[in-house]
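A structural walkthrough
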Amino acid sequence: MRSLLPSLDAPLSIAILGAGLMGRLLAVRLARDGHRVQLHEAGGPDAQGSAAHVAAAMLAPLAESAVTEPGVVRMGQHALARWPELLAQLAEPVYLQQDGTLILWHRQDAADAARLQHTLQRTQHAVQGLPALQALDGAGVAALEPAVAGRFHQGLYLPGEGQLDNRQLLAALGATLQQLGVDLHWHSTRAPSDFAPGTKDQPDLVLDCRGLGARAHWRQLRGVRGEVVRLYAPGVTLQRPTRLVHPRYPIYIAPKQDHLFVIGATEIESDDLSPASVRSTLELLSAAYAVHPGFAEARILELATQCRPTLPDNLPAVRAVQPRVLEVNGLYRHGFMIAPALLDVVMELLQTGQSPLASRFDLSLQMD
């Protein structure tokens, strides 16, 4: 590893490619540590071209264990503790909530809910330190979330899980980059091949965090399309991220500040960035209405689509296949849930040449 990457023992000149979530986190950390950082982004400062701009930004390692591996769950555990520390260092406040996840289902979907509960319990046996999930009856659901009282007779509560406001975070990271004097290059499409790191007048290190922008170089990457709707619903008072079990389109509802709700479900194996389909829109909105009738009077603020950068095993990876270039990619649908863990892995690699955290997270480190 040390033969491929320079040490951070002395201040370095570092080029970071991609100003989505991962690129911004790394740029802030490295600039704060005294390195000279230049950040290149194909889009603008609002990050509208990134998957992070569209995401619901839920921090739900146990809930997500239904679709991922224990290593990713451990990354999510790690991130739940790290996010408050990271947010406290930013130039602007960011909404963060850690009041748990509520999972609901209708009577006809009880068999699917039982299978999900079994999966979550299996994860709790495999991953130490997860708060025990709580099975709720109708009274328990009503006590925890009065807004759905009388509508659901069973549920699961996953304590400690959370969410943050993705767009506030991207803006706060951008403001912090400016405050730290990072050299920002917007609308600058760059690739590792544009640099000769380690040579005269070139950066000492290149960090590639371009997501799907790196497909020409990392050919195993593919896009997995997601669609979300943002609603303004002053008549709905859900207090925490809520998931609805459904055999065709299990949805999540993430309540943000000021009666804003982010609702999503769809996951399509496609890198198509065209507008959302009528079917997907109807499924999202009808499922939200099934959770709370107050969504009938909500106002649709935005219906957005984006593709998440995904590797064949749906797991993230860090690799150095050429000297002085480190690539981080494949965050899939778990970007906000695992980004602090990946940040800490990268910093371990750069500081010591190895990463005990990567072993703990079962994270793929590809080093030629």
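Structural notes, computed from the coordinates. Not measured: the values here are computed from a predicted model.

Rules of the game
Positions within a chain are numbered from 1, following the residues in the order the chain's sequence is written. pLDDT decides what is reported in this predicted model: residues at 70 or higher carry local features, side-chain atom pairs at 80 or more are listed and counted, and totals for whole chains, interfaces and linings draw on all residues regardless. Only heavy atoms go into the side-chain values, all of them from the structure, while hydrogens and water stay out. In DSSP terms, a helix is any run of H or I states spanning at least four residues, a strand is any run of E spanning at least two, and both are numbered starting from the N terminus. Contacts are residue-level and defined by heavy atoms, with any inter-residue pair within 4.5 Å sufficient. The protein chains shown are the only cover counted for residues, whose accessible areas, like all others here, come from Shrake-Rupley with a 1.4 Å probe. Charge counting follows a simple rule: Lys and Arg are positive, Asp and Glu are negative, and His as well as the terminal groups are ignored. By convention, the point assigned to a charge is CZ for Arg, NZ for Lys, CD for Glu and CG for Asp. Between buried and exposed lies partly exposed: a residue is buried under 20% and exposed over 50% of the maximum accessible area for its type, with that area taken using a 1.4 Å probe on protein chains only. Whether two strands pair depends on DSSP finding at least two bridges between them.

Details of the overall build of the protein
For the protein, the count of helices and strands is 10 helices and 18 strands. Considering only intrachain contacts with a sequence separation of at least 6, the fraction spanning at least 24 residues in the protein is 76%. When the accessible area of the protein is evaluated, it comes to approximately 15100 Å², of which 50% is carbon and sulfur surface. Between the averaged position of the 31 positive side-chain charges in the protein and that of its 35 negative side-chain charges there is a distance of 2 Å.

A look at the pairing of strand β13 (residues 251-255)
Among the 5 residues that make up β13, 5 are buried, leaving the element largely enclosed by the rest of the structure. A two-sided burial pattern is seen for β13, the buried positions comprising Ile251, Ile253 and Pro255 on one face and Tyr252 and Ala254 on the other. As paired strands, strand β12 (residues 242-244) and β13 are joined by 3 bridges and run antiparallel to one another. Looking at β13, one finds that Arg243 is bridged to Tyr252. Joining the antiparallel neighbours β12 and β13 is a turn of 6 residues.

Side note on the environment of Thr237
Inspection of the secondary structure assignment puts Thr237 in the loop between β11 (222-232) and β12. Put simply, Thr237 and His259 are 22 residues apart on the chain and 7.5 Å apart in space, counted from C-alpha to C-alpha. In this view, Thr237 contacts Glu145 and Ala147; residues no more than four positions away in its chain are not counted.

Things to note about the sheet that holds strand β8 (residues 162-164)
The 3 strands are arranged β3-β8-β4 in an open sheet whose pairing can be described as antiparallel. The strands lining the two open edges of the sheet, one partner per strand, are β3 (58-59) and β4 (96-97). Two strands pair when backbone bridges link them, and β3 and β8 are joined in this way by 2 bridges, in the antiparallel orientation. Each bridged residue has a counterpart across the sheet, and for Met58 the counterpart in β8 is Gln163.

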